[in-house]
Amino acid sequence: MAATMHACRCSLQTGASLGLTSQRTTRHQESFAALPKPVKSEAVGRSAFLGAPAAKHGQFRNDMAVPQQARVGKVSDARKVQCAAASTAAVMSGTPVRNTSILVVGATGTLGRQIVRRALDEGYDVRCLVRPRPVSAEFLREWGATTVQGDLTKPESLPAALVGIHTVIDCATGRPEEPIRKVDWDGKVALIQCAKALGIQRYVFFSIHNCDKHPEVPLMEIKRCTEAYLADSGLDYTVLRLCGFMQGLISQYAVPVLEEKAVWGTDAPTRIAYTDAQDVAKWTLAALRSEKFEKQVATLAGPRAFTTQEIIALCERFAGQDAKVTTVPLGILRVTRAITRLFQWTTDAADRLAFSEVLTSDTVFSAPMTETFKALGVDPLETTTLEKYLQEYYGQILKKLKDLKAGSRQGDFYI
Amino acid sequence: MALNSAAKVRPAASWSHQLTLEGRRCSQCNAFAVDSRKPGTANSLRNHTFPSRHLGVPQRLSERRKPAPGVRASGEQNGADTAVKEKEEEKVVQERAKPTEEDAQLTLSDINPVSLGRRSREFFNDVWKRLTDLGQLTRSSPSDVDTVLIGGPMCEFTIPDAAFTTVLVAGATGRVGRILVRKLLLRGYTVKALVRSSDEATLEKLPTVVQHVVGDIGDPTTLSKAVEGVNKIICCTRATSMLSGDLTRVEQQGVANLAKAFLDYNHRLAQKRAGKSARSKVTLARFSKESTLDEWDLRDGVEDEDILGKLYDGGMDAELELTEREGERSMGLFQGYVYTRGGFVEMTTELKLPEGVSLSRFEGLLIRVCGDGKPYTFVLEMEKWEGGPPMEYTYKFPTRVGYARVRLPFSDFRPGSPDQPPLDPAQVKRMSIRFEPKKVRAPMMLAGAPAQKKKKVMAGRVDPMQAIAEIDTSSEGPEFVPGATETDLGSNRFKLEVDFIKALPAGEEPDFILVSCTGAGVEEEDREKVLRAKLAGEQSLRNSGLGYTIVRPGPLLEEPGGSRALVFDQGNRITQSISCADVADVCVKALHDGTARNKSFEVCYEYTSEQGQGLYELVAHLPDKSNNYLTPALALLEKNT
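Notes on the structure follow. (Residues numbered from 1 in each chain as written. Chains lettered and ligands numbered in written order. Predicted model: local features only at pLDDT ≥ 70, side-chain atom pairs only at ≥ 80, totals over all residues. Heavy atoms only, no water.)

### Description of the overall build of chain B
Counting its secondary structure elements, chain B contains 18 helices and 22 strands. Taking all 641 residues of chain B together, the buried fraction comes to 51%. Expressed as a percentage of contacts within chain B between residues at least 6 apart in sequence, the contacts between residues at least 24 apart total 77%. Of the accessible surface of chain B, which amounts to about 30200 Å², a share of 51% is contributed by carbon and sulfur atoms. (Helix = DSSP H or I, 4+ residues; strand = E, 2+ residues; numbered from the N terminus. Buried < 20%, exposed > 50% of the residue type's maximum accessible area, 1.4 Å probe, protein only. Contact = heavy atoms within 4.5 Å. Areas by Shrake-Rupley, 256 points an atom, 1.4 Å probe, with all protein chains shown as cover.)

### Here's the deal with a negative patch on the surface
All names here are of chain B. A cluster of acidic residues, Glu290, Asp294, Glu295 and Glu324, forms a negative patch on the protein surface. With respect to the helices, strands and loops of the structure, Glu324 is situated in the loop between β7 (316–322) and β8 (332–338). Look at Glu324 and you get exposed, because its relative accessible area is 77%. (Patch = residues over 30% accessible without salt bridge, like charges linked within 9 Å, V, L, I, M, F, W, Y side chains within 5 Å. Salt bridge = Lys/Arg side-chain N within 4 Å of Asp/Glu carboxyl O. Lys, Arg positive; Asp, Glu negative; His and termini not counted. Charge placed at Lys NZ, Arg CZ, Asp CG, Glu CD.)

### Some details on the pairing of strand β10 (residues 362–371) of chain B
Residues and elements named next belong to chain B. Burial runs high along β10: ten of the ten residues are buried. Bridging between β10 and strand β16 (residues 493–505) involves eight bridges; their strand directions are antiparallel. Bridging across to β16, Leu365 finds its partner in Ala503. For β10 and strand β13 (residues 402–409), the ladder comprises eight bridges, and the chain directions are antiparallel. Across the sheet, residue Ile367 finds its bridge partner in β13, namely Val406. (Pairing = 2+ DSSP bridges.)

### Observations concerning the sheet that holds strand β3 (residues 146–149) of chain A
All names here are of chain A. Spatial ordering of the open sheet is given by β3-β2-β1-β4-β5-β6-β9, a layout of seven strands whose pairing is parallel. Each of the sheet's edge strands pairs with one partner strand only, and the pair in question is β3 and β9 (296–300). Each strand of the sheet is rotated relative to its neighbour by a mean of 20°, with strand direction disregarded. Sheet topology note: the strand β4 (residues 167–170)/strand β5 (residues 202–208) ladder contains four bridges and is parallel. Bridge assignment links Val168 to a residue of β5, and that residue is Tyr203. (Axes fitted to C-alpha atoms, helices over the stretch in contact; angles between N-to-C directions.)

### Regarding the sheet that holds strand β9 (residues 343–350) of chain B
Residue and element names in this part refer to chain B. Spatial strand order, β6-β9-β15-β11-β12-β14: six strands in an open sheet with antiparallel pairing. Both outer strands of the open sheet, β6 (296–302) and β14 (414–415), are each paired with one neighbouring strand and no more. As judged from the seven bridges shared by β6 and β9, these two strands associate in the antiparallel manner. When the bridges of β9 are listed, Gly301 appears paired with Phe344.

### Focus on the nonpolar core
Val116, Val126 and Phe206 of chain A are the most contacted members of the largest nonpolar core, which totals 108 residues. No other element matches helix α9 (residues 180–197) of chain A, which puts nine residues into this core. Excluding residues within four positions of it along the chain, Phe206 of chain A makes contact with Leu111, Ile115, Ile169, Asp170, Cys171, Lys223, Leu240, Leu242, Val280 and Thr284 of chain A. Of all hydrophobic cores here, the second largest spans 44 residues; its members include Trp296, Ala318, Met382 and Leu496 of chain B. (Core = buried A, V, L, I, M, F, W, Y, C linked by side-chain atoms within 4.5 Å.)

Below you can see the structure in the form of C-alpha cells.
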C-alpha cells in the first residue's frame, strides 16, 4: 500500500511540475482519490436515473490530443492505475487470476458471439453468462467457451459467474419483449456492483454513440447513466460507444430486397456509420490489451455513414434487382410511439420506438476514428466497409442459390 | 406493472386457441378467417389506432392468405413476440370480426383457427418488428444470424480448405493444444483430440464438438484408431516429467509412433483403393534382398584430370557385398580405399522405378546408412538428351558411426558445373553413392599407401564409360574379398553400410506439424536431456517422409496472442518468449501453407529494444482480413531443415 501511495504522489508531482491541466489527468486523480472510499454510486445512480445530469466525462478524443509533454504524466498515470488495480485485487482475492480469463455477458447476441469467437481465437479462456433456457447456447460450448447459467435480472446468480475472472465484457441488453429497465439498468447496476465487490480488474461496457445528447430516448439515457455509474464505481472500465451493426441490415434490408418483398425504410436524413460486429470485436480486444483505454470512453464507428435510402440502393445494386420500398414517414413512427406511450402495458413498446427521436434530429451518427485506430494499433484499411460487407453477403447468397439451382423466390435460406 | 400485464395477456391468447382445439366453435377466429380474404374489410383497420394503413397491410395480408397453410405454419418460432403484439392483434381481430360473418367459400384448412391465429400473430409480429427495426440503431435479434453470418463463409476466421480437413491434435489439453483446438474449430476444421484418459476433468478442457480418442503417443498400439480419417496432425505434446525415460518415450518415440501410425493409415487407405498412398515412400533399393546387389555396379574416376592426379596415383579400390550377421537383415557393405589424388570410387545403379512411377512426384531421397564419420556424396545423373553425356548433381552428406537415416532433398543437389540446368527428378537415370577422400594432405598419405589390389583393380584415369564396361565384365560384390582390415580406417579408407534408399513423396502442404522447443525455458539441468529427446523426435519426423513443419517456440507465456510482432528464425538465435496463442496461430496458419512444408524454425516475440532501434526488418505488413503473416515470413527461411 505504501508503494502505491508513493507511486501516486510521484505521478501527481510529475503532473504538477509539467503544469498539466488536461482534463484526463484531473479526472484520474479524482477517481483515484475516490478509490478507497466506499462506493457512493447508489446516490449517483438514482439521481442519474431520475434524469439529473451525471458527472461529465472526458471524451476520448480530447485525451488523444494531449501534447507530447503530457505523455510523461500519462505514463506514470497508467502505472498508478495499475498499482491501484493490483492493490485492490490483492485485498479482494487471495489467488491471482490469469489475465486471459474473461467473462462475456450477452454472449449469444450479435456482438457477444463475435467477441467470444475473437477472444477464443486470441487465446483467452472465455466464460459466458447465459440465461437458463431449455435450449441453452450450445454453440458457445462448441467453440470452446464455457458457459455458466445466470441472469442479470437475478443478482444472486452473478457472483458465482465472476469468480476467477479478470475482465468482464458486458454486451448484454434486454430482449425486445422485456421491460427496458430490467436488464439494461437494474441488471447492469447489479453486475457492476458485483464486479466491484469481487475485484474485477477490467470492465468493458458497450454504450451508444451520442447517448448523452438524447435524454428523451430511454435506452440511451440508461446507457448514459450506466456510463456515469461505472465511472463512479472505481472499477477500471472502458466504455465503447457503438453506432449500429451491419449484421442488423441483413434482415432489415438485404433479405427483403432479395426476396422481392417490401422493404420498409424511413425518409429520415440521419446517416449512421454502421460497423461490422466482427470489427467491433477485434477493436474491443485490442482495447483490452491497451493501457490507453483504461477509464476511457471511445466511440467505434464504421468508415462511412449511410442513410436508409443509400443502403437500399446498395442492396438493389448488389442483388441486381429493384426493391419494393415502402417509405415510412417519421411522423408515423412518432405517432405510434405517442400512442403506445399512452398505455402502461405498451411503454416497453414505446421505448423500443424511441429511437425515432434520434432519427428525426438529423444528425450524422458517426465519429472520427483516426485517433482511436492509432491508440488501438489497428490498421484502418482492415475495417470492413458496408459496400464490401453487402457485396460479400450477396456474393455468398447468390452463389448458394446457384448451387441449389433455385430461383431467388424460394426463400428460407437467405440468412 | 408492465410485466404483470404481459404475463396476463399471454395465457389468455393461447387459451382461446385451446378452446377451439377441443372442438368448441370459436366464432372470432372463424370470422376473421373469412374476413381476411376480402380486401375490402381492411377498412375496419382505419378505425383502429394502429397506424398500419400506410404500410401496405391489406395487400400483404391478402397475399399471405393465398399460399397453402403449412408453408409458413411455424408460429411458435416467434419466441420473441411481445405481449404488446398479441394485445394489438387481439384488438384487430375483434375489430375485424364485425362486418362479415357469413362468407362461405372456405376450405377446411382455411377455417382451422389454430393456424389462423398463428398466421395473424405472425403477421403482426412482422409488422411490429419492421416498425421497431426502423427505430433501432444498435441491435438486431440474434435469430437473424446463422449459417452464413456465423461460422459460414462470411465469418472472418473461416478457411475454405477447412471444411474438408480433419486434424488430429495430440496434446489437446495442454497449454498450446487447448487454444489450438478452439482456433481450428473456429476455422471450420473437424478436430480429433488424442487424450490419455477420458475422465471428466480432461473432457472439460475440450469443446463439446471435438471428437476425442483415448490413446498415448508413447504406445503405438493405441494410435491406429486415433489417426483414422485424419488428414493432418498437429503434435504439441509434452512429457509429463523430466525423467529420461519419459522424455524418450514421449518426445522421441512418440513423434515417431504418431508419424508411423499416420503413414500406415494412409497406406491402408491406399491399399483399399488398390493403389499407392501419395504420402508413402517408394523403395528404390533395399539391400536385404540379395538380388539388389546384382543391380549395383562399382566405378571409379578422377575428378580433375590434371598432372597432379597422375603424379599421385596411389591406386584405389572398392567392393560391395552383403553383410551377414546373425539375426539381422543384411546390408550392402561398400568399402575400400582411395589413395589417388582427386580420385573417387562409387557404387552406382541405373534408376529403376516401379511401373507408372516417376521421380517427379518425389521431393527427395531417404537413405539409411551406417557410416564411419566420413562424408559421402550422393550423385544423381541426368541425361541432357537421349544418349547424351550425363550431367551430375551431387549432395554431400556426413555420416556417423551407427545407423542413421539421411534425408537428401532434390532441391539441395548441386549441379556438377554451373551451366547445367537445375535438377529435374523426372529425368534422373542413374544414382550413385561416392566416396572421395579429403583432398588435403593426400600426398602425405601416399607414403603408407598399400598397393594391395586384391581383386578387381580399378585404374584411376579411366573414362567413366569405359569403367562401366570394365566393371560389367567383372562380377559383383560377393566375390570381393574384404580389402582393408576394419580397424585401419584412415581418411583414405572408407566403409559404409547401406540399408535402403527410398524416394520421399512431394506434396503441397505440411501433413504433420510438430511443436518442439528451443530449450530456453527449460531448467538448466534438464535442458540437454529435453533437447536431445526433442531433436531426436524432430529427426524421426523429418525422415518419415511426411510433409513436416517443426515449430520451435521460445518459452511459452500464458497471455492473449495476436498483439505483438513475431520473429521467425533458423539457427537457434532467438531470445524472447512467445504466447501460447501465437504458437497455436502459427500452427493453424501453417496447415495450408506450402512455404511451411519441410521447414523447421524458431519463433518468438520481437525483441523490443529502445524506441526506434528495431533489430529486425519488417518483412511484410498486409492490410488484409485474412492477415497471413506466415507465408512471407517463412518464404525467406531454408527448406528441408
